[in-house]
Structure formats: structure tokens, C-alpha cells
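What follows is each chain in one-letter form.
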Amino acid sequence: MRRNGIKIMAELIDLIAPLIHIMILAIITGVLGFLCAIFITILGGYGIIDFINSNSNLKNIFILIFIIAILRGVFHYIEQLSNHYIAFKLLALIRDKIFVALRKLSPAKLEGMDKGNLIALITSDIELLEVFYAHTISPIAIGILTSIIMTIFIGIFNIVLGIVAFLGYLTVGFFIPYFSSKFGKKYGMEYRENFGKLNSYFLDSLWGIKEILQFGCGEKRNKEIENKTDDLMNINKKLKNYEGIISGLTNSAILIFTLAILIISYLTAKDGDFKNIIIPVITMASSFGPVIALSNLSNNLFFTLASGERVLNLLSEKPIVEEVYNGKDLKFEGAECKNIYFDYGGEEILKDYNLNIETNKIIGIKGKSGSGKSTLLKLLMRFWDIKKGELKISNADIKEINTNSLRNMESYATQDTSIFKDTIENNIKIADYNATREEVIEACKKASLHDFIMTLPKNYDTEVGELGDTLSGGEKQRISIARSFLHKAPFILLDEPTSNLDSLNEAVILKSIKDNSENRTIILVSHRESTLNIADKIYQMKNDRAS
Ligand SMILES: Nc1ncnc2c1ncn2[C@@H]1O[C@H](COP(=O)(O)OP(=O)(O)OP(=O)(O)O)[C@@H](O)[C@H]1O
């Protein structure tokens, strides 16, 4: 969904509500800080006039400037502190929201999502929002308030000067950034998206480095990375071009308006009073600071708004499968698929499919590759919802069962297990965080994993590399099976649990599965006859689609 800049800002500002009091403090101290900076120059002007007129106020003016200079520092410090406090608190909150959103979207919506882009979003996009919260919102309020105060101050000398000053602030702080951001936003979004794509491609290349080396396509991928970097550079060039134009326009506007004040005050100063000429000019020239901050802000705003939009888009993404909180908590008493239809958005995978899953049985499922065996397990886990028909667990529609209750009664081991960068013990304990070391060991013995773990340098406390890089396919698979044993769920879904195992390990695991099948219902998806041998019943996938 595309939003305009104002809508993005409004949605991002909405998140500040709990920290509004700190935002007000940041704005007040920001305005006071700028007023101090402006009045130091104005007092300097009064000092010069005083000097020319040989008055004796110079000492008092210097003392005042000194006090204001110190106050300027204090106010600026409080403003920055408050803004950054807000920014970092909100970034933590947004990260939290993103992880909640990702959890809700997974696994169905994340299956096809570009992971590199997602990583760019979680890391750099959220980080860029710091600019928005710490350096965008309060500067806007500070710019508006300071400009109003200075318009009144200049207006006291002469109403026409006040109007000209106001138009000057409006031009530099609003018109120029507003119109330029309209052009730049498109490139901002393009930059963020291309940045995400480059991340993706890089990540993909890292993950597939073995294949790239084996098939000698390193050169080609290098070229592609170069092309993507060039694309990014070209967009950046366009953005920098805009920045240059905005900066030039801003500086010209400041000079034109200051010159206008000089001419008008010269023409209108009563009795040619030097003070009425010099002070408005000094005030005008020294008071553009807050609005220049707004103008500079529009340069970063291209990126910030684009990042904000990407973050908001993810937060508002609707999950394919809604979690159930106010449904039924049930004990597992069998499952049934009745005239089920399912597709992933294209070709039909399951068509009028029926299966009765009796309790305390091992049910084998076989069928051609791509016939929908894994899909059936995903539907039973409610990772996806069926399109038509009835999918019942314990005689209740699966959509009426609380997601937590469903996850507790099911244990699912897939062909490609995720291994976390943690100890072997903690990797297995994700199935049950409260399990004791003894229970973990017992599960590992059943999964034919214990002997292997005992050969590792720190046994169960050995760290496994990122994505389980340091483990073989068979070892990862046995970790997945150990998790299933530890989970102690009554309904176990095993998707090709032995595909990476040698016949010795396969035999040990199958025996463990059989020995532990009492009071459990197990669905065993496999191509291997030797694995399916332990099943009480074997079903052939009805719609034998060949992939
Ligand atoms: N997330 C997805 N989005 C789109 N299509 C998908 C998705 N997951 C699987 N498919 C497609 O659905 C079909 C069935 O896949 P599934 O993994 O269920 O088959 P399978 O019988 O388990 O195959 P195999 O024995 O090779 O593991 C395949 O054609 C696959 O490409």
C-alpha cells in the first residue's frame, strides 16, 4: 500500500503518544535554545549601536550575552537528550512490533518473502527512523514556534517587516522542503528498495557460496553485485542532485529575504534611526537556523519516509492465517480431513482429499514428489488454511482451536530443520524450555544423537555454528527428531525424518519412534519403504501430481 508523506508522518507520530511529555520538553527547550542563539546576535547588534552611540550599557550587554550563551548550551543539551531518549525508546518499541508482526505472518506469508529485504528492513530501515524521531518531529514544532516568535519580534519594528519575515520563514521552512520532497520521495523509496535487493542478493550468494564455486558462476554474480551497486549509486546521484538544488534555493531565499528586510527597513525607518534598520536585518539573518534545519531535514526525509513506509507496510500486513485466542482448548482425539481443497494461490495441490487419522496409530503417507504430502502436514499444523472442505482435530474445526492449544498437541519435524546459534542443549530445549538435562539426554538417546554429542568438545554445552553450519544433514535431522521426542505432544508429524540418515541410525530412530508410540498418534511422511515399515497403515497421496 502506498501512503503519502503526511500519512506516513501521522502514523509514525501516532507511536509517540506515551512519550508526549518528553516531546513537549524537547520542543520547549529547543525553542528556548534557538531564541538564545538568535538573541546573542541581536544583543551583539545592540552592543555595536551602543558602542557607536558611546553609551555605557556595553558591560551589561556582555554579561547578558554570557548568561544566554550558557543557557543556550543547557537548553540544547536537554533538547538533544529528550529527543534521543524518545527515538531509542521508540526504536525498541518498533523492533518489538516488527517481531510480533513477523511472528503473526509466519510461516505462510514469510515463505515467499525476500529475506535480505526483510533484514534490511529490520536493521537499517528501523535505524533510519531514529532520524525521524530525534531530528524531525521536534525540529518542525521548534521551527514553527521560533518563526512565530521572531515574526512578532520583527513585526514590532514594522508590521510590513513582520510580514516579509514570515514569508521568508515560510519559504525556507515549508515551500522549498515541501515541493522538493515531492520529487525526492520517489527516489528515496527506490533507493531503500534497491538497497534491500542488494542485501538479498548478497545474502543469497553467501548462502549459496558452495554452489557458486562448484559451478564457477562467481564472476557472473560479482558482475550482478556491481550492477546493483551502480544502480544504487545512480539513484543516490539523483538524490544528491536534488539536495544541491534545495541547498542552493534555500541560501538564495535567505539572502533575498534579508535584502528585502534591509531595503524595507531603510525606507521605512523613522527619522532614519540606525537601530530600526540594523536590528531587523540582524534578526532576520540570524533567525533562519530553525527553518534551515527543516530544509536540511527534507533531504533526509526522502530516506526516512521511505523507511517509515516500509516499516508501516510490514506492520499493517495481514497474516494469511489469523491466530485464535478465544477458541477452544482441546486434548488430541484424532483428526479428519473431509473433502479438502487447497492451493498456494496457483495450481490446486489437494483436491477433494480425505483422510481419517485415528488416535494411537502410526500412519504412513507416501506419494510422488510434489504430490502434497508436506502440504498436508502444514495444513494439520494450521500454517495455512484449507480453501474448501473440513479439517477437524478432536472433532472441532481446526480454525476454532486456540493456536496455543493446537501447537501444544502437535509436534512437527521437517526435512529442513532450523538450528540456532546456541548450545546443542538449548537447540533441543526449544521444544520444552523447562526440560531438565536428563530429559534432554533421554530425548537425544532416542534420536540416536547422544553418542555423537558426547564426542563434542563440550558435550551438550557445545555451541553450534550459525544455521547449524558445523553439523551434517543427518545430525541436524536427529536434532529435529530429539526435539519431537522432548516435546511430548500426543500428535506427531514427521516429514521425511530419516531422509539424511544411514541405515544404522534410521533403524535406531525408527525403533525409538515405535517404542514411544504408545498413546501417541504419528503421521510419517516418507519415500522410504524401510521407514514406512513401522506404520500401522499406509496411505498413498490421492492426487498424485508429479512435480
Ligand atoms: N509456499 C509455497 N508456495 C507455493 N507453492 C508451494 C509452496 N510450498 C509448496 N509448494 C508447491 O506445492 C506442491 C506440493 O508441495 P509439497 O512440499 O507438499 O510436496 P511433497 O509431496 O511433500 O513433495 P516432496 O516429496 O518432494 O517433499 C509442490 O508443487 C510445491 O512446489
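Residues numbered from 1 in each chain as written. Predicted model: local features only at pLDDT ≥ 70, side-chain atom pairs only at ≥ 80, totals over all residues. Heavy atoms only, no water.

**Thoughts on unusual backbone geometry**
Just so we agree on the cut-off: Secondary structure is summarised from DSSP: a helix means a run of H or I of at least four residues, a strand means a run of E of at least two, and numbering begins at the N terminus for each. Here the term buried applies to any residue with accessible area under 20% of the maximum for its type, exposed to any over 50%, and partly exposed to those in between, with areas from a 1.4 Å probe on protein chains only.
The residue Asn360 is not glycine, and still its phi comes out positive at about 55 degrees. Relative to the helices and strands, Asn360 resides in the loop between strand 2 (348-357) and strand 3 (362-366). On the basis of relative accessibility, which here comes to 44%, the residue Asn360 falls in the partly exposed class.

**Structural notes on the layout of surface pockets**
Applicable threshold: The distinction between a cavity and a pocket rests on a 1 Å grid over the protein atoms alone: a 1.4 Å probe fits inside a cavity but cannot get out, while a pocket stays open yet meets protein on both sides within 12 Å along at least five of seven lines, and a residue with an atom within 4 Å of a point counts as lining. Grid points are joined across faces, edges and corners, and a volume is the space filled by probe spheres set on the points.
Roughly 700 Å³ of volume is contained in the second largest pocket. Lining the second largest pocket are 27 residues, with Ile6, Met9, Gly173, Phe174 and Tyr178 sitting closest to its centre. Here the element with the most residues in the lining of the second largest pocket is helix 6 (residues 159-207); it accounts for 10 residues.

**Notes on the packing of helix 2 (residues 20-52) against helix 5 (residues 137-157)**
Two packed helices can be described by the angle between their axes and the distance between those axes. As a reminder, the rule being used: Note on definitions: angles span 0 to 180 degrees between N-to-C directions of axes, and those axes are lines fitted to C-alpha atoms, for helices only across the stretch in contact. In this scheme, a crossing is called left-handed if the near helix is turned counterclockwise away from the far one by less than a right angle; it is called right-handed if the turn is clockwise. Any two residues whose heavy atoms approach within 4.5 Å are treated as being in contact. Residue type decides the class: Asp, Glu, Lys and Arg count as charged, Ala, Val, Leu, Ile, Met, Phe, Trp, Tyr, Cys and Pro as nonpolar, and the leftover types, Gly among them, as polar.
Packing of helix 2 against helix 5 brings their axes to within 9 Å, and their N-to-C directions diverge by 35 degrees. The interaxial crossing formed by helix 2 with helix 5 has right-handed handedness. When helix 2 is examined against helix 5, the residues Met23, Ala26, Ile27, Gly30, Val31, Phe34, Leu35, Ile38, Phe39, Ile42 and Tyr46 are found in contact with a partner set consisting of Ile137, Ser138, Ala141, Ile142, Leu145, Thr146, Ile149, Met150, Phe153 and Phe157. A per-class count over the contact of helix 2 with helix 5 returns 18 nonpolar, three polar and no charged.

**A few points about the sheet that holds strand 1 (residues 335-343)**
This is how the line gets drawn: In short, DSSP must find at least two bridges between two strands for them to pair.
Reading across the sheet, the four strands line up as 2-1-4-5 and stay open at both edges, with antiparallel pairing between neighbours. Here the strands that pair on one side only, and so sit at the sheet edges, are strand 2 and strand 5 (396-397). Relative to strand 5, strand 4 (residues 388-393) is paired through two bridges, and the arrangement is antiparallel. Residue pairing for strand 5: Lys392 is matched across the bridge by Asp397.

**Describing the site of the ligand**
Heads up, the rule is: Nearness is defined per residue: one heavy atom within 4 Å of the molecule or strand is enough. A 3.5 Å cut-off defines polar contacts: any pair of N or O atoms within that distance qualifies, except that in protein one atom must be a possible hydrogen donor and the other a possible acceptor, and neighbouring residues in sequence count only when both atoms are side-chain atoms.
Lining the immediate surroundings of the ligand are 16 residues, of which Glu111, Ser369, Lys373, Ser374 and Thr375 lie closest. Tyr344 places a side-chain nitrogen or oxygen 3.5 Å from a nitrogen atom of the ligand. Ser374 is positioned such that a nitrogen or oxygen atom in its side chain is 2.7 Å from an oxygen atom of the ligand. No other element matches the four residues that helix 11 (residues 373-380) contributes to the shell around the ligand.

**Structural notes on a nonpolar patch on the surface**
The condition is simple: Every patch collects residues that have over 30% relative accessible area and no salt bridge, joining them within 9 Å if they carry like charges and within 5 Å if they are nonpolar side chains (Val, Leu, Ile, Met, Phe, Trp, Tyr). Using a 1.4 Å probe, the Shrake-Rupley method yields the accessible areas, and only the shown protein chains count as cover for residues. Think of a salt bridge as a Lys or Arg side-chain nitrogen and an Asp or Glu carboxyl oxygen that are within 4 Å of each other.
Where nonpolar side chains cluster on the molecular surface, the patch consists of Ile63, Phe66, Ile67, Ile70, Leu71 and Val74 and spans about 540 Å² of accessible area. For Ile67, the position within the fold is in helix 3 (residues 58-105).

**Some points on the domain arrangement of the protein chain**
A common measure of how large an interface is: the accessible area buried when the components associate. Test applied: Boundary definitions for the domains trace back to an automatic or database domain assignment. What gets called buried area is simply the loss in accessible area from a 1.4 Å probe that two parts show on being joined, summed for both.
Looking at the protein chain, the domain boundaries give domain 1 (5-316) and domain 2 (335-540). In this complex, domain 1 contributes four residues to the contact, which on the side of domain 2 involves five residues. Here domain 1 meets domain 2 over a buried area of about 370 Å², counting both sides, of which 65% is carbon and sulfur. At the boundary of domain 1 and domain 2, one finds zero residue pairs in polar contact (both at pLDDT 80 or more). Looking at side-chain class alone, the side of domain 1 that touches domain 2 contains three nonpolar, no polar and one charged residues.

**As for empty space enclosed by the protein**
What the rule picks out here adds up to one cavity of 30 Å³ or more. Approximately 70 Å³ is the volume found for the largest cavity. Lining the largest cavity, in full, are Ile481, Ser484, Phe485, Ile492, Leu494, Ile513, Asn516, Arg520 and Ile522. At the level of elements, helix 16 (473-487) and strand 7 (491-495) are the ones that each hand at least two residues to the lining of the largest cavity. Broken down by element, the lining of the largest cavity gets its largest block of residues, three residues, from helix 16. For the lining of the largest cavity, a count of residues per class yields six nonpolar, two polar and one charged.

**Some details on helix 5**
Residue pairs three or four apart in sequence face the same way in an α-helix, which turns once every 3.6 residues. Spelled out, the test is: The span expected for a helix works out to 1.5 Å for each residue beyond the first.
Helix length check: helix 5 (21 residues) gives 31 Å between terminal C-alpha atoms against 30 Å at 1.5 Å per residue, within 8%. Listed as buried for helix 5 are Ile137, Ser138, Pro139, Ile142, Gly143, Thr146, Ser147, Met150, Thr151, Phe153, Ile154 and Phe157.

**Focus on a negative patch on the surface**
Operational definition: Here the positive residues are Lys and Arg and the negative ones are Asp and Glu; neither His nor the chain ends is included. Note on charges: their place is set at NZ of Lys, CZ of Arg, CG of Asp or CD of Glu.
A surface patch of negative charge is lined by Glu190, Glu193, Asp230 and Asp231. Of all elements in the fold, only helix 6 and helix 8 (218-268) reach the threshold of two or more residues within the negative patch. A residue is classified by how much of its surface remains accessible, and Asp231, at 39% relative accessible area, is partly exposed.

**Digging into the pairing of strand 8 (residues 521-525)**
Stated precisely, the cut-off is as follows: Convention used here: a crossover is right-handed provided that the path from the first strand, over the helix, to the second strand proceeds clockwise when the strands point away from the viewer.
The buried fraction of strand 8 amounts to five of the five residues, a majority that puts the element mostly inside the structure. Inspection of the sheet shows strand 3 paired to strand 8 by four bridges, in the parallel sense. Bridge pairing in strand 8 places Ile363 opposite Ile523. With helix 17 (residues 503-515) bridging strand 7 and the parallel strand 8, this β-α-β connection has right-handed handedness.

**A word on helix 1 (residues 5-14)**
Applied cut-off: By construction, the arc corresponds to the directions joining the helix axis to the C-beta atoms.
For helix 1, the set of buried residues is Gly5, Ile8, Met9 and Leu12. Along the axis of helix 1, the buried residues cluster in a sector spanning 95 degrees; they form a single face. Turned more than 90 degrees away from the buried face of helix 1 sit Ile6 and Asp14, all of them exposed.

**Thoughts on the sheet that holds strand 6 (residues 410-413)**
With parallel pairing, five strands are arranged side by side in an open sheet as 6-7-8-3-9. At either margin of the open sheet sits one strand with a lone partner, and together these are strand 6 and strand 9 (537-540). Across the sheet, the mean angle from the axis of one strand to that of its neighbour is 15 degrees, orientation sign disregarded. Packing against the sheet, helix 11 makes contact with strand 3, strand 6, strand 7 and strand 8, and its axis sits at approximately 150 degrees to strand 7.

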